[in-house]
Amino acid sequence: MAGFEERRLSSDTDELVAYDHGAHVAHWAHRGVPVVWVSESARYEEGTAIRGGVPVCWPWFAAGPDGDLSPSHGLARTRRWRLTRHEEAVLGWQLTHEDLDEQARGAFEPEFACDLTVRLGPGRLEISLEVSNPGTDTFTYEAALHTYLHVGDVREMSVEGLDAVTYYDKVRQRQERQVGDVRISGAEDRIYFSPRPSRVRDPRLGRELVVSSTGAANTVIWNPGPEGAHEMGDFSDEEWTQVVCVETACVGSSAVSVAPGTSQVMTARVDVDA
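I will try to describe carefully the structure that is included in this document. (Residues numbered from 1 in each chain as written. Predicted model: local features only at pLDDT ≥ 70, side-chain atom pairs only at ≥ 80, totals over all residues. Heavy atoms only, no water.)

1. Considerations on the side chain of Asp202
Defined as follows: Strands here are runs of E lasting at least two residues and helices are runs of H or I lasting at least four, both read from the DSSP assignment and numbered beginning at the N terminus. The buried label goes to any residue with under 20% of its type's maximum accessible area, the exposed label to any with over 50%, and the partly exposed label to all in between, with areas taken from a 1.4 Å probe on protein chains only. Neither His nor the chain ends is counted toward charge; the positive residues are Lys and Arg and the negative residues Asp and Glu. By salt bridge we mean one thing: a side-chain nitrogen of Lys or Arg within 4 Å of a carboxyl oxygen of Asp or Glu. Each polar contact in these results corresponds to two N or O atoms within 3.5 Å; when the atoms are within protein, one needs to be able to donate a hydrogen and the other to accept it, and residues that are neighboring in sequence are counted only if both atoms are side-chain atoms. In what follows, a contact means two residues having at least one pair of non-hydrogen atoms within 4.5 Å.
Take Asp202: it is sitting in strand β17 (residues 198–202). Of the buried charged residues, Asp202 lacks a salt bridge, with Arg207 as the closest side chain of opposite charge at 4.7 Å. At 3.2 Å, the side chain of Asp202 forms a polar contact with the backbone nitrogen of Leu205. Not counting chain neighbours up to four residues away, the residues in contact with Asp202 comprise His150, Val151, Gly152, Asp153, Met157 and Arg207.

Encoded structure:
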């Protein structure tokens, strides 16, 4: 299917598979063990987001700042991006306003250019999203690199580095302050008001994953829990225990404004610390 041709990077220790559809990294494994997770029920269909991997959420997050935008998480993750680089350890894509159909242009009107660059190193993945404004008016957007991390059992792992950070709890609809490490036993959807590095400690797989960023303002922690997984057609019931999303983001009041003739870059990096 057009847009779902595999783009591969590989080395002695790492392998990665991505698609032009959404400029979407769908698989990354280090020494044969998955680092990013993708659902066994993911749909590889035009107009549908791939469940898992690293979706690019842009130009809005979820339903947008006012909760009235669709599709969820914006236009970019269901569009076919144009491949611009395919080197030994680098992939690159571009999406511009000219790639949008009339309906999508009605949802987001400014002229723009988005460039996504993926770099694979030994036990390291770096993804950068650069948004440029070739037009004459400033525009504002939200963005997230929605990284699904593979874990042995989410109920046993912990995320450290966010202690004392304030966050908005979307499940309970209230603002909280983190105390200690983040632990997950059910549905969680938290927007932390900090981009500080996070360390995922995974005793079941015997490794740690470090998520760091530049150009970001938020960290989002998400897991659907058993009930949420059951309600999603592209998420098998038991898979919720195998994943935690630690997302690099600029959302809500941290949305980014881009003046004419300028650009903004946000980068997410994941390092395997085995």
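2. Describing the nonpolar core
Note that soluble globular proteins tend to have their nonpolar side chains buried in a common cluster. We count it as follows: Residue types Ala, Val, Leu, Ile, Met, Phe, Trp, Tyr and Cys, when buried and joined through side-chain atoms within 4.5 Å, form a set referred to as a nonpolar core.
With 68 residues, the main nonpolar core has Trp58, Trp81, Leu116 and Val244 as its most contacted residues. Of all the elements, strand β20 (residues 243–250) adds the most residues to this core, at five residues. In contact with Val244, not counting residues within four places along its chain, are Thr147, Tyr148, Leu149, Val151, Val154, Met157, Ile184, Val200, Ile221 and Trp222. In terms of nonpolar packing, the next biggest core, distinct from the first, is built from eight residues, Cys57, Ala62, Ala144 and Ala249 among them.

3. Quick look at the layout of surface pockets
As a reminder of what qualifies: The rule is simple: put a 1 Å grid over the protein atoms alone, call a set of points where a 1.4 Å probe fits but cannot get out a cavity, call an open set with protein on both sides within 12 Å along at least five of seven lines a pocket, and count a residue as lining if it has an atom within 4 Å of a point. Grid points are joined across faces, edges and corners, and a volume is the space filled by probe spheres set on the points. In this count, Pro and Cys sit with the nonpolar residues alongside Ala, Val, Leu, Ile, Met, Phe, Trp and Tyr, while Asp, Glu, Lys and Arg are called charged and the others, Gly among them, polar.
Taken as a whole, the largest pocket spans an internal volume of roughly 360 Å³. Broken down by secondary-structure element, the contributors of at least two residues to the lining of the largest pocket are β16 (188–192) and β19 (218–223). Per-element accounting of the lining of the largest pocket gives the leading share, three residues, to β19. In terms of lining residues, the second largest pocket is bounded by 16 residues, among which Pro65, Glu142, Ile191, Val251 and Gly252 are the most central. Its residues assigned to classes, the lining of the second largest pocket shows eight nonpolar, five polar and three charged.

4. Quick word on the sheet that holds β17
Spelled out, the test is: Paired strands are those between which DSSP finds at least two bridges. All axes here are fitted lines through C-alpha atoms, helices being fitted over the stretch that makes contact, and every angle between N-to-C directions spans 0 to 180 degrees.
Read across the open sheet, the eight strands follow the order β6-β7-β8-β9-β22-β18-β17-β13; overall the sheet is antiparallel. A strand with exactly one partner marks an edge of an open sheet, and here the two such strands are β6 (82–86) and β13 (158–160). Each neighbouring strand pair of the sheet contributes to a mean axis angle of 15 degrees, computed without reference to strand direction. In this sheet, strand β22 (residues 263–273) lies alongside strand β9 (residues 124–132) in antiparallel orientation, the contact comprising nine bridges. In the sheet register, Arg124 faces β22, and the bridge partner there is Asp271.

5. Examining the packing of aromatic side chains
What counts here: Aromatic pairs are defined between Phe, Tyr and Trp rings, using the six-membered ring for Trp, whenever the two ring centres lie within 6.5 Å; interplanar angles under 30 degrees are classed as stacked, those over 60 as edge-to-face, and all others as tilted.
For the structure shown, the criterion picks out 14 aromatic pairs. Seen from their ring centres, Phe108 and Phe112 are 5.9 Å apart, and the 65 degrees between their planes marks the pair as edge-to-face. Accessibility assignment for this pair places Phe108 and Phe112 in one class, buried. Plain terms: the ring middles of Trp222 and Phe235 are 6.4 Å apart, the flat faces sit at 70 degrees to each other, and that makes the pair edge-to-face. Of this pair, Trp222 sits in strand β19 while Phe235 sits in the loop between α2 (225–231) and β20; the two residues are 13 residues apart in sequence, bridging distant segments of the chain. Classification of Phe235 as buried rests on a relative accessible area of 2%. Aromatic ring contacts, followed pair by pair, group Trp58, Phe108, Phe112, Phe139 and Tyr141 into a single cluster.

6. Structural notes on the side chain of Asp20
Residue position: Asp20 is located in the loop between β2 (14–19) and β3 (24–30). Other than its neighbours up to four places away in sequence, Asp20 contacts Gly3, Glu5, Arg7, Arg79, Arg80, Trp81, Leu83 and Trp93.

It is worth stressing that arrangement in space is one thing and function is another; only the former is reported here.
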